[in-house]
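So you can see what is in the structure, the chains are spelled out below.
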Amino acid sequence: MIDLRSDTVTRPTAAMLDAMMAAPVGDDVWGDDPTVNAFQAKLAEEAGKEAALLFPSGTQSNLVALIAHCERGDEYIVGQSAHTYRYEGGGAAVLGSIQPQPIENAIDGSLPLENINAAVKADDFHFARTRLLALENTIGGKVLPADYVVKATELARERGLATHLDGARLFNASVATDTPLKQLCLPFDSVSLCFSKGLGAPIGSALVGSQAFIGRARRWRKMVGGGMRQSGIIAAACQHALEHHVADLADDHRRAARLAEGLATLPGVKVTVQATNMVFAHFPDKHIKPLSSWLKEHGILIELLYATRFVVHRDINDADIDKVVAVMEAYFSRH
Ligand SMILES: *Cc1c(COP(=O)(O)O)cnc(C)c1O
């Protein structure tokens, strides 16, 4: 199957599985898994932060970051379409007693500065205490403008807020803009990074930040069940991805652009966004059902909703992109 539903569908390579098999392991809850410790040290260095902490998922890494920044009755400013707010089951509120203060994302994924400023509440016992600004990069595949990130995080600091970045796909932003990871992490107090998406690890995310922040996060990670034992097996996969898969993201971006070009030539199909490894396209309503079945019959998995998202990843090659376009062309030539 050519699976374009998400970059989470990537399978570990033989070399990655070898690295996992060969990893020396200990008990990470006791802090003595050498592979986890080496990975965390290396990642912290690459991200330009004091410390890093391995997590089983990006959802848990984000949740723990929010809880480590905020206390009960605090709130965090976040985008309406941000993953932490929209796609993580409301965990900050449910498990963290943290109130989200969502604001509308602009078309480029940013949160307008004046809206951030207006959302910060006065020190008054009627209000939740605004404590944190959370951004996301990439968001819907789009790279946040670098000058915007600097301004938004400066504003947050001026208003006494901490800053967190959901950087599930920050490596895509780094490769797309040829900017070191360190530079993209610099404006933020904490960053969550995912290795199980375009980087191809089967499991694994990590949080980076100051020593004190990661110390608090370790406590919360244990509480939410994220303390793992011989997790060097997971860290080895993440370490392998960090060393060998980051540069390959450029191929995903190139292939996504090529897919967008192909889709744009189809009758009635409108490509709305192509950014990093994602393509969003609009298909006429009457085609959605028959086209979905047609694609599935031809070995292509894609969720054809109103705003269809195609996600390109390392298990998709040039021939796959050509096949997707050809199968779509064949459909439209018959309908
Ligand atoms: C995937 C993703 C996460 C975390 O997802 P998990 O499936 O829990 O690892 C967080 N933020 C964004 C933007 C994501 O795309």
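Residues numbered from 1 in each chain as written. Predicted model: local features only at pLDDT ≥ 70, side-chain atom pairs only at ≥ 80, totals over all residues. Heavy atoms only, no water.

Colleague: Please provide a residue-by-residue account of the sheet that holds strand β6 (residues 162-167), values included.
Modeller: Reading across from one edge, β2-β8-β7-β6-β5-β3-β4 is the order of the seven strands in this open sheet, with mixed pairing throughout. Among the strands making up the open sheet, the edge pair consists of β2 (51-55) and β4 (99-103). Sheet twist, expressed as the average angle between the axes of neighbouring strands with direction ignored, equals 20°. The pairing of strand β7 (residues 190-194) with strand β8 (residues 205-209) spans four bridges and is classified as antiparallel. Note that in β8 the partner of V191 across the bridge is V208. (Pairing = 2+ DSSP bridges. Helix = DSSP H or I, 4+ residues; strand = E, 2+ residues; numbered from the N terminus. Axes fitted to C-alpha atoms, helices over the stretch in contact; angles between N-to-C directions.)

Colleague: Mind laying out the environment of A52, listing which residues take part and the relevant values?
Modeller: Positionally, A52 belongs in strand β2. Owing to a relative accessible area of 5%, A52 belongs among the buried residues under this scheme. Between the C-alpha atoms of A52 and G209, which are 157 residues apart in sequence, the distance is 6.5 Å. Residues contacting A52, with those up to four places away along its chain left out, are Q40, L43, A44, L207, V208 and I214. (Buried < 20%, exposed > 50% of the residue type's maximum accessible area, 1.4 Å probe, protein only. Contact = heavy atoms within 4.5 Å.)

Colleague: Lay out the packing of helix α12 (residues 249-264) against helix α14 (residues 318-334) with the relevant residues and their values.
Modeller: Remark: α12 packs on α14, axes separated minimally by 10 Å, with the N-to-C direction vectors making an angle of 15°. Regarding the angle of α12 to α14, the classification is roughly parallel. With respect to the hand of their crossing, α12 and α14 are arranged in right-handed fashion. Here R254, R255, R258, L259, G262 and L263 of α12 lie close against α14, whose contacting residues are D318, I321, D322, V324, V325 and M328. (Parallel < 35°, antiparallel > 145°, perpendicular 65-115°, else oblique. Left-handed = near helix turned anticlockwise from the far one by under 90°.)

Colleague: Requested: an account of the site of the ligand, with residues and values cited.
Modeller: The environment of the ligand is made up of S57, G58, T59, N62, H83, E88, E136, D166, A168, R169 and K197. At 2.5 Å from an oxygen atom of the ligand is found a side-chain nitrogen or oxygen belonging to K197. In isolation the ligand exposes 380 Å². Once the protein is present, 82% of that is buried. Among the elements that take part in the shell around the ligand, helix α3 (residues 58-69) stands out by supplying three residues, more than any other. (Near = heavy atom within 4 Å. Polar contact = N/O pair within 3.5 Å; in protein donor to acceptor, adjacent residues only side chain to side chain. Areas by Shrake-Rupley, 256 points an atom, 1.4 Å probe, with all protein chains shown as cover.)

Colleague: How would you sum up the pairing of strand β3 (residues 74-79)? Please name residues and give values.
Modeller: Of all six residues in β3, six are buried, a share of seventy percent or more. Burial along β3 is two-sided: the face carrying D74, Y76 and V78 and the face carrying E75, I77 and G79 are both buried. Of the strand pairs in this sheet, β3 and β4 are connected by five bridges, and their pairing is parallel. Opposite I77, over in β4, you have Q101 as the bridge partner.

Colleague: Pulling in residues and values, what's your account of the side chain of H164?
Modeller: Following the sequence through the fold, H164 ends up in strand β6. The class for H164 is buried, based on a relative accessible area of 0%. Within the structure, the side chain of H164 is placed 2.7 Å from the side chain of S190, a separation counted as a polar contact. Excluding its chain neighbours within four sequence positions, the residues that come into contact with H164 are N62, A65, H69, L132, L133, A134, L135, F188, S190, V191, S192 and L207.

Colleague: Could you give an account of the layout of surface pockets, naming the residues involved and the relevant values?
Modeller: A water-sized probe rolled over the atoms picks out the places where empty space is left. The calculated volume of the largest pocket comes to roughly 1,100 Å³. Looking at the largest pocket, it is lined by 43 residues, and the ones nearest its centre are S81, Y87, I139, G140 and F280. Sorting the residues of the lining of the largest pocket by element identifies α3, α4 (83-86), β6, β7, β9 (270-275), β10 (278-282) and β12 (307-311) as the ones contributing at least two each. In terms of residue class, the lining of the largest pocket is made up of 14 nonpolar, 18 polar and eleven charged. Estimates place the volume of the second largest pocket at around 210 Å³. Considering the residues around the second largest pocket, the lining is formed by 16 residues, among which A146, V149, T179, Q183 and L184 are closest to the centre. For the lining of the second largest pocket, the secondary-structure elements that each account for two or more residues are α7 (146-158), α8 (170-177) and α9 (181-185). Broken down by element, the lining of the second largest pocket gets its largest block of residues, three residues, from α7. (1 Å grid on protein atoms, 1.4 Å probe; cavity = no way out; pocket = protein on both sides within 12 Å on 5 of 7 lines; lining within 4 Å. Points joined across faces, edges and corners; volume = space filled by probe spheres on them. Nonpolar A, V, L, I, M, F, W, Y, C, P; charged D, E, K, R; others polar.)

Colleague: Got a sec to walk through the packing of aromatic side chains? Specific residues and values, please.
Modeller: Counted under the stated rule, the structure contains five aromatic pairs. On the numbers, 6.2 Å between centres and 45° between planes, the contact of F283 with F310 is tilted. Remark: F310 occurs in strand β12 and F283 occurs in the loop between β10 and α13 (285-297); sequence separation between them is 27 residues. There is no split in this pair, since F283 and F310 are both buried. Site record: aromatic cluster; members linked through ring pairs are F39, F171 and F195. Between the NZ or CZ atom of R221 and the centre of the ring of F55, over which it lies, the distance is 5.9 Å. (Phe/Tyr/Trp six-rings, centres within 6.5 Å; stacked < 30°, edge-to-face > 60°. Lys NZ or Arg CZ within 6 Å of the ring centre and 35° of its normal.)

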